[in-house]
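Each chain, written out:
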Amino acid sequence: MIMGIMTDLLQDGFFAAVAAIGFAAISNPPRRAYPCCALLAAVGHALRFGLMHNDLMSIHIIAASTLAAFSIGVLAVWLANLAKCPAETCFFPALLPMIPGMYAYRAIEALVMCLYHQEEEVFNHCLYLLAYNGFTCTFIILGLVVGANIPVFLFKKMSFKVTR
Amino acid sequence: MRQENVTSEISSPDVKEVCAFLSDYAAWLCGCGATCIRIEKNVYRMAAAFGIRVDLSIMPSHIILTGRDMKDGASFSLVHTVCRSAISFDMNTRLSKLSWDVADGKSSYGDALSRFEEIKHTAPANKWLVLVLASLANASFCRLFGGDSVSMLVVFVSTFCGYRIKQMMLEDKADVRFVFVCASFFSAVLSAGCHLFGWGDTPGIALGCSVLYLVPGIPYINSASDMLDGHYLCAFSRFMNGMVLTVCLSLGLICGLLMLNIDLA
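In this text the structure is predicted, and so the values were computed from the model without any measurement.

Thresholds applied
Residues numbered from 1 in each chain as written. Chains lettered and ligands numbered in written order. Predicted model: local features only at pLDDT ≥ 70, side-chain atom pairs only at ≥ 80, totals over all residues. Heavy atoms only, no water. Helix = DSSP H or I, 4+ residues; strand = E, 2+ residues; numbered from the N terminus. Buried < 20%, exposed > 50% of the residue type's maximum accessible area, 1.4 Å probe, protein only. Contact = heavy atoms within 4.5 Å. Patch = residues over 30% accessible without salt bridge, like charges linked within 9 Å, V, L, I, M, F, W, Y side chains within 5 Å. Areas by Shrake-Rupley, 256 points an atom, 1.4 Å probe, with all protein chains shown as cover. Salt bridge = Lys/Arg side-chain N within 4 Å of Asp/Glu carboxyl O. Buried area = accessible area lost by both parts, 1.4 Å probe. Polar contact = N/O pair within 3.5 Å; in protein donor to acceptor, adjacent residues only side chain to side chain. Nonpolar A, V, L, I, M, F, W, Y, C, P; charged D, E, K, R; others polar. Core = buried A, V, L, I, M, F, W, Y, C linked by side-chain atoms within 4.5 Å. Expected span 1.5 Å × (residues − 1). Domains from an automatic or database assignment.

**Looking at the environment of cysteine 37 of chain A**
All names here are of chain A.
Turning to step 1, where the next piece is worked out: Counting through the fold element by element, cysteine 37 comes out in helix 2 (residues 34-52).
Turning to step 2, where the next piece is worked out: For cysteine 37, a relative accessible area of 0% puts it in the buried group.
Turning to step 3, where the next piece is worked out: When residues no more than four places from it in sequence are discounted, the contact partners of cysteine 37 are Ala20, Ala24, Thr89, Cys90, Pro93 and Ala94.

As structure tokens, then:
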């Protein structure tokens, strides 16, 4: 049981780290930032996975994403000191694997289905799917960006001195 | 010898020269994807080291900088267009380091100018390495959303092709919005193979993940950071930039789905 949970968490963290390294490469960070991005993404994503999938209390994806992003932000401020690069260089790519891509896709899918179907009942259902997925996606992104940015503003002095 | 002369001539720069340098610096820092709070802090830090007081307005497309000499009160205002370069955290890091070196007296004005020129000509990362890493990232993304190994492979291939199209079109200076539509269209059509030929058990996830490498995450995150710092104009501008690109990638995806007549129901 515990081994199964640990395996799931490690697997989740591993794929999140690979995703973070790849997405980090697109925004051209310094080489020393790559391990930080990978570590932050792995911790953040595994934490969100753990918060959402446990027997004690399954937290909603929006709250879980916000908490995970906050933890990424706190760790980023600390790790940025070690990597000697701005905190945002470390945590921006780490947040990208948590961007709710499937909700966004399902919202677009629902939009296409709205265009396909004219019957009122089906159309209303598609509109419901569009609104549900669209709202969830929007609030997850909002939770991610606000949650990760709060520590940078809380520890302003530390955050903006790392390249010194 | 010549370099030494140049350096000594500009070691005590006047306010006009410093303002020109700082506005150019701010424009590049903004262009490479720095947040407004970082631009302000870096510019104010260097201005204080050069002995002038500056006020900075960061607009969506322009930087307005007014500098005042602390000694004689002379002031200059400059408007500089934001440099539209690709997002580069490496450049952001090096420009931030430069500001601290100037503030700590490790870098003179002449030295700062030459280092700034060097940073401006930073070579981008190896495009093939970025291409492979981005494709691997998107395939991992597919796995995170519950995709099976067949879907991961299809997402890898569709991302590889879509991202390569994006790179080639951007090299040819095509409009970035058009580039997003085309790249998204190609990736969606390629990944629709799972739907059309019955590959794997998670065709919907493969299709959804194939275009996610195009989601402009950095503008959205920067937008939130600017909003928290009270730069609402820039926050709105960056958010709208992200939205326009998101709409473009959705358009490419929808065109692909409609063209192949894929039944999503």
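**Some words on a nonpolar patch on the surface**
Turning to step 1, where the next piece is worked out: A cluster of nonpolar side chains, namely Phe70, Val74, Trp78, Leu82, Ile150, Leu154, Phe155 and Met158 of chain A together with Met227, Leu228 and Tyr232 of chain B, defines an oily patch on the protein surface of about 1100 Å² accessible area.
Turning to step 2, where the next piece is worked out: Taken together, the elements giving at least two residues each to the nonpolar patch come down to helix 3 (61-83) and helix 6 (120-154) of chain A together with helix 11 (217-228) of chain B.
Turning to step 3, where the next piece is worked out: Looking at which element gives the most residues to the nonpolar patch, the answer is helix 3 of chain A, with four residues.
Turning to step 4, where the next piece is worked out: Assignment of secondary structure puts phenylalanine 70 of chain A in helix 3.

**Some remarks on the interface of chain B and chain A**
Turning to step 1, where the next piece is worked out: Counting residues at the interface gives 56 residues for chain B and 50 residues for chain A.
Turning to step 2, where the next piece is worked out: Across the chain B to chain A interface the summed buried area is about 4700 Å²; carbon plus sulfur atoms make up 73%.
Turning to step 3, where the next piece is worked out: Summed over the shared surface of chain B and chain A, the result is six residue pairs in polar contact (both at pLDDT 80 or more).
Turning to step 4, where the next piece is worked out: Those elements giving two or more residues to the side of chain B that touches chain A turn out to be helix 3 (36-50), helix 4 (89-103), helix 6 (127-144), helix 7 (149-171), helix 10 (203-209), helix 11 and helix 12 (232-260) of chain B.
Turning to step 5, where the next piece is worked out: For the side of chain B that touches chain A, the residue count by class is 34 nonpolar, 14 polar and eight charged.

**Examining the pattern of salt bridges**
Charged atoms that come close allow side chains of opposite charge to pair.
Residues and elements named next belong to chain B.
Turning to step 1, where the next piece is worked out: Considering all chains together, one arrives at eleven salt bridges over all chains under this definition.
Turning to step 2, where the next piece is worked out: Across the pair aspartate 101 and lysine 97 runs a salt bridge, and its minimum N-O distance is 3.2 Å. Of this pair, aspartate 101 and lysine 97 are both found in helix 4, four residues apart, which corresponds to roughly one turn of the helix.
Turning to step 3, where the next piece is worked out: Since its relative accessible area comes to 6%, aspartate 101 is described here as buried.
Turning to step 4, where the next piece is worked out: Connected through salt bridges with shared partners, the residues Asp24, Glu117 and Lys120 form a single ionic network.

**Focus on the nonpolar core**
A general feature of soluble globular proteins is that nonpolar side chains tend to end up buried together.
Turning to step 1, where the next piece is worked out: Leu40, Phe91 and Leu95 of chain A are the most contacted members of the largest nonpolar core, which has 86 residues in total.
Turning to step 2, where the next piece is worked out: Leaving out residues up to four positions away in the same chain, phenylalanine 91 of chain A has contacts with Leu40, Ile72, Ala76, Ala148, Asn149 and Val152 of chain A together with Ile221 of chain B.
Turning to step 3, where the next piece is worked out: With 36 residues, the next largest nonpolar core counts Leu56, Ile58, Ala112 and Phe116 of chain B among its residues.

**Comments concerning helix 11 of chain B**
Turning to step 1, where the next piece is worked out: Given a rise of 1.5 Å per residue, twelve residues ought to cover 16 Å, and the 17 Å separating the end C-alpha atoms of helix 11 of chain B matches this to within 8%.
Turning to step 2, where the next piece is worked out: Burial analysis of helix 11 of chain B places ten of its twelve residues in the buried class, the great majority of the element.
Turning to step 3, where the next piece is worked out: Three or more residues of helix 11 of chain B are buried, namely Gly217, Ile218, Pro219, Tyr220, Ile221, Asn222, Ser223, Ala224, Ser225 and Asp226 of chain B.
Turning to step 4, where the next piece is worked out: Those residues of helix 11 of chain B hidden inside the fold are in contact with helix 4 (87-95) and helix 6 of chain A together with helix 3, helix 4 and helix 12 of chain B.
Turning to step 5, where the next piece is worked out: Once helix 11 of chain B ends, the next one or two residues include glycine 230 of chain B, with phi positive near 85°.

**As for the domain arrangement of chain B**
Residue and element names in this part refer to chain B.
Turning to step 1, where the next piece is worked out: Partitioning chain B into domains gives domain 1 (2-120) and domain 2 (127-260).
Turning to step 2, where the next piece is worked out: The gap between the C-alpha centroids of domain 1 and domain 2 is 35 Å.
Turning to step 3, where the next piece is worked out: Taken residue by residue, the interface counts twelve residues in domain 1 and eleven residues in domain 2.
Turning to step 4, where the next piece is worked out: When the two sides are added together, the surface that domain 1 and domain 2 hide from each other amounts to roughly 940 Å², 63% of it contributed by carbon and sulfur.
Turning to step 5, where the next piece is worked out: It is Thr35, Cys36 and Pro60 in domain 1 that bury the most area against domain 2; as a group they hold 43% of the surface buried on that side.

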